[in-house]
Amino acid sequence: MIEVIRPGVQSTVQDAGRRVRALGVPAGGAADAAARRLANALVGNAPESRAAGLEVTLSGPTLLFHAAALVSLCGAPFEVALLGADGAGRPFAPWRAVPVQAGDRLSIGGTPAGARAFLAVRGGLDVPEVFGSRGTDLRSAFGGVQGRALRAGDRLAWSPLPGVRPARAFVSPELRTPVGPDHTLRVQVTPDATPDLLDALTGQTFTVSAQADRMGARLSGVVAAPHDPARASVPNVPGMVQLPPDGQPILLLPDAGTHGGYPTPLVVISADLPRLAQLRPGDRVTLRPVTPAQARAALWAHERGLRQAEWALRHWYAGAGSAPLCCAHAD
Amino acid sequence: MSGEASGADFNSLVFTCLGDAALSVSTPRARALLAGLRDTPLPGVLEVVPALMRLTVLFDPLRLDAGQLEAALRGRLAGLREQPDGPGAGGAARTLVVPVVFGGAGGPDLEWCAAHAGLTGEAFVSALCAQKLEVAFLGFTPGFAFLTGLPPSLRMPRLDAPRGRVPAGSVALGGPWAGVYPSGTPGGWRIVGHTDLSLFDLSRPEPVPWRAGDHVQFRAVMARSAR
């Protein structure tokens, strides 16, 4: 059992999200999917287990563990302190599997860059599934813990798995989702991108506004936007760059509504989607168009790294702990 | 990749790439195509999301590229009957009857709408209930259905400024659409009535009672005296 002592700015249970947009339900799921995958792999949660963990935002929670567990924290470089029941500090390294003991307090502080990290627990957090996911939908208030962000006093259980020797491995830095303050996001153009619009969107640096949450990140910087009130609502897809009439683009994150009626001239490529999770107010963003072939090559490079790390860690937990580790480097 | 419009209406077909993991297809036969994709999914396709005469197909770009998907969808379309979506397109449509208390506190815009249509309140309600509506697609908020099939006389202009909060169960008209708000949200449509039917209930095996293609009919009921 994990007891929430201090909830942090916005800590929610998340997993790989939902696929029921056709019912009007947003995808949800951890915004930084690369961090989620690596954190789960580090504690031996198989991808097909759909293990849920905690997504922490800007300033993390303080958690009291009532039982021993194996955890890992991947994502933005949050400050972390682990204190034993006796008040003595114990080591906690991000991007590694860390054993915690009953009575340990894990305090996740702030982060100097980026916005989110994923805390995985071996076995996965045990909350009921809604539409095939344990993730929290904050706007419609379901999933996770009563459909809301954590509060002090909440208690979270996890599904037990057999104990293991923690992987003596760390995740190679090139697999970590880059954090700001400067971001270049690769995009593909859609038929909504007129030449003028494309010039305006890709020819300037935008700043992430204070309106940045799990639904979307609003950019400040103005683009002359077409306005068509008769435009039909059509489905949104992950990473869309939406352009409302006020000309301030919105990058759509996992909790974005399923349909929208504004032009969407650009879509962030799949390989760069985890980067959207790390945008924080004040960061600078440039959008760089790439070809479908470049998007595909980038995705394969990204995926190859993640799969090698997942494979190496799975191999470790399958009992071949001395095998050479590939992209998750051994000590 | 994008852009092809040809021939007769039912053959008009436009593919649009939305990034590297989604392909949108506009076709009058979207409903039938959706039913086919639900019955026999295409490998590598993760989700198919309908809108009006349009499907957006989200796919795994590690298994499939947009060109392969477009070819597969063209094949599916070629196998469909040569007619645009109409009643019954897309297979097993169900009819959902929605009991509505029209007017009063739960339907503050009924009189305005009736006047706009040049009808008495009673005649307006009869006309609306006589209409067979259809779920065009779901979106906006979980369980919200865009209901199509309103005759021009019953189509209502949206409010100039949306209400900050529309109560759950509100039955509303906006532009060409009718709808029922599943949960309390802001909304700019004209509210003509209220239903106790729950449109998003996670305790049910099927939390949302309708899906694209289903038929919907409003039925006027009396307000319960307890209310």
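Our subject is the structure that appears above.
Quick caveat, the model's predicted, so the values are computed rather than measured.

A.B. asks: Let's hear about the pairing of strand S3 (residues 53-57) of chain A: which residues, and what values?
C.D. replies: Residues and elements named next belong to chain A. For S3, a buried count of five out of five residues is recorded, marking the element as mostly surrounded by other parts of the structure. Where strand S2 (residues 12-14) meets S3, three bridges bridge the pair, whose relative direction is antiparallel. Bridging across to S3, threonine 12 finds its partner in glutamate 55. Here four bridges tie S3 to strand S10 (residues 116-121), and the two strands are oriented antiparallel to one another. Of the residues in S10, the one forming a bridge with valine 56 is alanine 117.

A.B. asks: Mind laying out the sheet that holds strand S14 (residues 206-212) of chain A, listing which residues take part and the relevant values?
C.D. replies: Residue and element names in this part refer to chain A. Strand order around the closed barrel formed by seven strands is S13-S20-S17-S18-S15-S14-S21, with mixed pairing between neighbours. The sheet shows a mean angle of 40° between the axes of neighbouring strands, direction not considered. Sheet analysis places strand S15 (residues 216-220) next to strand S18 (residues 250-252), joined by three bridges and oriented antiparallel. Paired with arginine 218 across the strands is isoleucine 250, a residue of S18. Helix-sheet contacts for helix H2 (residues 195-202) involve strand S13 (182-189), S14, strand S20 (266-268) and strand S21 (284-289), and the interaxial angle to S21 is about 140°.

A.B. asks: Pulling in residues and values, what's your account of the environment of A:Pro61?
C.D. replies: Note on placement: A:Pro61 falls in the loop between S3 and strand S4 (62-65). Separated by 64 residues in the primary sequence, A:Pro61 and A:Leu125 have C-alpha atoms spaced 16 Å apart.

A.B. asks: Before we move on, could you go through the pairing of strand S10 (residues 177-180) of chain B and cite the residues and values that matter?
C.D. replies: Residue and element names in this part refer to chain B. The alternating pattern of S10 places Trp177 and Gly179 on one face and Ala178 and Val180 on the opposite face, and all of these are buried. Of the strand pairs in this sheet, strand S9 (residues 170-174) and S10 are connected by four bridges, and their pairing is antiparallel. Across the sheet, the residue bridging to valine 171 is valine 180, located in S10. Adjacent in sequence and paired antiparallel, S9 and S10 are bridged by two residues, among which glycine 175 carries a positive phi angle near 60°.

What counts and how
- Residues numbered from 1 in each chain as written.
- Chains lettered and ligands numbered in written order.
- Predicted model: local features only at pLDDT ≥ 70, side-chain atom pairs only at ≥ 80, totals over all residues.
- Heavy atoms only, no water.
- Buried < 20%, exposed > 50% of the residue type's maximum accessible area, 1.4 Å probe, protein only.
- Helix = DSSP H or I, 4+ residues; strand = E, 2+ residues; numbered from the N terminus.
- Pairing = 2+ DSSP bridges.
- Axes fitted to C-alpha atoms, helices over the stretch in contact; angles between N-to-C directions.
- Contact = heavy atoms within 4.5 Å.

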